[in-house]
Amino acid sequence: MSAADTLQASLPTTPSSGIRMLARFGFAAKGVVYGLMGLLALLAATGQQEGQTTDKQKAVHTLQELPGGSILLGLIAFGLLGYIVWRLVQAFRDTEDKGDGAKGIARRVGYAASGLVYASLAWYAAQLAMSNPAGGSSNTKQTLTGKILSWPGGEWLIMLVGLITIGVGLYQIYRAYSGSFHKNVQSSDIPAGQQTKVYRLGQVGYTARGIVLGITGYFFVQAGLQSRATAVGDTEQAFDLLASMGPVVLGIVALGLIAYGLYMLVQAKYPVLKKV
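Just so it is clear, the structure is predicted and the values come from calculations on it, not from any experiment.

Conventions adopted
- Residues numbered from 1 in each chain as written.
- Predicted model: local features only at pLDDT ≥ 70, side-chain atom pairs only at ≥ 80, totals over all residues.
- Heavy atoms only, no water.
- Helix = DSSP H or I, 4+ residues; strand = E, 2+ residues; numbered from the N terminus.
- Buried < 20%, exposed > 50% of the residue type's maximum accessible area, 1.4 Å probe, protein only.
- Areas by Shrake-Rupley, 256 points an atom, 1.4 Å probe, with all protein chains shown as cover.
- Lys, Arg positive; Asp, Glu negative; His and termini not counted.
- Salt bridge = Lys/Arg side-chain N within 4 Å of Asp/Glu carboxyl O.
- Polar contact = N/O pair within 3.5 Å; in protein donor to acceptor, adjacent residues only side chain to side chain.
- Phe/Tyr/Trp six-rings, centres within 6.5 Å; stacked < 30°, edge-to-face > 60°.
- Contact = heavy atoms within 4.5 Å.
- Axes fitted to C-alpha atoms, helices over the stretch in contact; angles between N-to-C directions.
- Parallel < 35°, antiparallel > 145°, perpendicular 65-115°, else oblique.
- Left-handed = near helix turned anticlockwise from the far one by under 90°.
- Nonpolar A, V, L, I, M, F, W, Y, C, P; charged D, E, K, R; others polar.
- pLDDT = per-residue confidence, 0-100.

Peer 1: I keep staring at the overall build of the protein chain and nothing clicks. Help me out?
Peer 2: Within the protein chain, the regular secondary structure consists of twelve helices and zero strands. For the protein chain, the succession of helices and strands along the chain, N to C, is α-α-α-α-α-α-α-α-α-α-α-α. In the protein chain, which comprises 276 residues, the proportion classed as buried is 44%. Accessible area of the protein chain: about 13700 Å², with a carbon and sulfur share of 64%.

Now the structure itself:
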């Protein structure tokens, strides 16, 4: 038996109650992070924290200043770890029945990537919980981008990352209005009288998230075109660009991210997990 077969055999055939719990913790952790991001951006838009827009890491960092901050950070790290595990189970065990065709494999790779994106944030939260802060995400991203740009064809690779990120952002907006996640809301245990409200909340949230991802992808494309690592931006730079368009624009997107955070919290309470 190969190492890959051994790994696959060690994973549960269906999401167990433990995996289900981890997924719910993951949704909750994402909800808190996005809610904080939206709140801080909203404060910046209303002039209460001028110039203090933020990314995921800085949003998590604000928890350190709260009473019991280390405990909260530990819970966020645990929740994000749970989200990563759940996404990997989705990818390896095909719990969503996507199949082994090209489209199905692509979707399953997307599940794994969706989880692993939060690996660095989970590690950052864990380090903060242990009072061992790490470097900022922007500097890390620029350093990594600089190394890739030094490779042969590195500019094209960075532009490809940017285009993929833009594509993910557009998919978020498509998902908001195609009705694909509406089926999840309808098939969940959300009270019938609340389903429409939750659906609208999710629409607003997915739209705002798509906009921020699209802008972030644009920064990557520009970094590739200019062969300049400092052109790379993250959520904080995306907020800065939105702020340059006016506080109303930033405020609307900030409210959208708060809506996305709330929608994640609803998912934590009423998860739709297939093959459970």
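Peer 1: Explain the side chain of Asp94 here, please?
Peer 2: Its location among the elements puts Asp94 in the loop between helix H4 (69-93) and helix H5 (102-116). We note that Asp94 is buried and unpaired, the nearest opposite charge coming from Arg108 at a distance of 4.0 Å. Separated by 2.9 Å, the side chain of Asp94 and the backbone nitrogen of Gly99 make a polar contact.

Peer 1: Would you mind going over the packing of aromatic side chains with me for this structure?
Peer 2: Enumeration over the complete set of coordinates arrives at ten aromatic pairs. Note on Phe27 and Trp86: the rings are 5.2 Å apart at their centroids and 65° apart in plane angle, and the pair reads as edge-to-face. With Phe27 in helix H2 (residues 17-45) and Trp86 in helix H4, the pair connects residues that are 59 residues apart, well separated along the chain. In this pair, the class of Phe27 matches that of Trp86, namely buried. Residues Tyr83 and Trp86 carry aromatic rings whose centres are separated by 6.0 Å and whose planes lie at 55° to one another, so their mutual orientation is tilted. In this pair, Tyr83 and Trp86 are both assigned in helix H4, three residues apart and thus about one turn of the helix distant. Tyr83 sits in the buried class, given a relative accessible area of 1%. Put simply, the rings of Phe27, Tyr83, Trp86 and Tyr118 touch in pairs and so form one group of aromatic residues.

Peer 1: In this structure, what is going on with the side chain of Gln195? I would like to understand it.
Peer 2: Along the chain, Gln195 turns up in helix H10 (residues 195-226). Contacts of Gln195, omitting those with residues within four sequence positions, involve Val185, Gln186, Ser188 and Ile190.

Peer 1: Mind showing me how you'd approach the packing of H10 against helix H12 (residues 247-269) here?
Peer 2: Between two packed helices, the angle of one axis relative to the other and the distance separating the axes together describe the packing. It is the contact of H10 with H12, at a shortest axis distance of 7 Å, that shows an interaxial angle of 125°. Judged by the angle between their axes, H10 and H12 are oblique. For the pair H10 and H12, the sense of crossing is left-handed. Only Val253, Gly256, Leu257, Ala259, Tyr260, Leu262, Tyr263 and Val266 of H12 make contact with H10, whose side of the interface consists of Val198, Leu201, Gly202, Val204, Gly205, Tyr206, Ala208, Arg209, Ile211 and Val212. Of the residues contributing to the contact of H10 with H12, the split by class is 14 nonpolar, three polar and one charged.

Peer 1: Help me understand the environment of Leu170 in this model?
Peer 2: Residue placement: Leu170 occurs in helix H8 (residues 154-178). Sequence separation between Leu170 and Gly214 is 44 residues, and the spatial gap between their C-alpha atoms is 6.9 Å.

Peer 1: How do you make sense of the pattern of salt bridges when you look at a structure like this?
Peer 2: Any two side chains of opposite charge can pair if their charged atoms end up close together. Going through the model one piece at a time under the given rule, you end up with one salt bridge. The shortest N-O distance in the salt bridge between Asp100 and Arg108 comes to 2.7 Å.

Peer 1: Would you explain the environment of Phe25 in this entry?
Peer 2: Topologically, Phe25 is positioned in helix H2. Taking the C-alpha atoms as reference, Phe25 lies 8.5 Å from Leu75; in sequence the two are 50 residues apart. With sequence-adjacent residues up to four places away left out, Phe25 is seen in contact with Phe78 and Gly79.

Peer 1: Just checking my understanding: could you explain the confidence of the model for the protein chain for this structure?
Peer 2: Detailed conclusions should not be drawn from predicted coordinates in areas where pLDDT is low. When pLDDT is averaged along the protein chain, the result is 82, and 86% of the positions lie at 70 or above. When the elements of the protein chain are averaged for pLDDT, helix H1 (residues 3-10) gives the smallest value, 51, and H12 the largest, 93. Low pLDDT (under 50) marks residues 10-15, which in the prediction has ten contacts with non-local residues, meaning those over four places away or in another chain.

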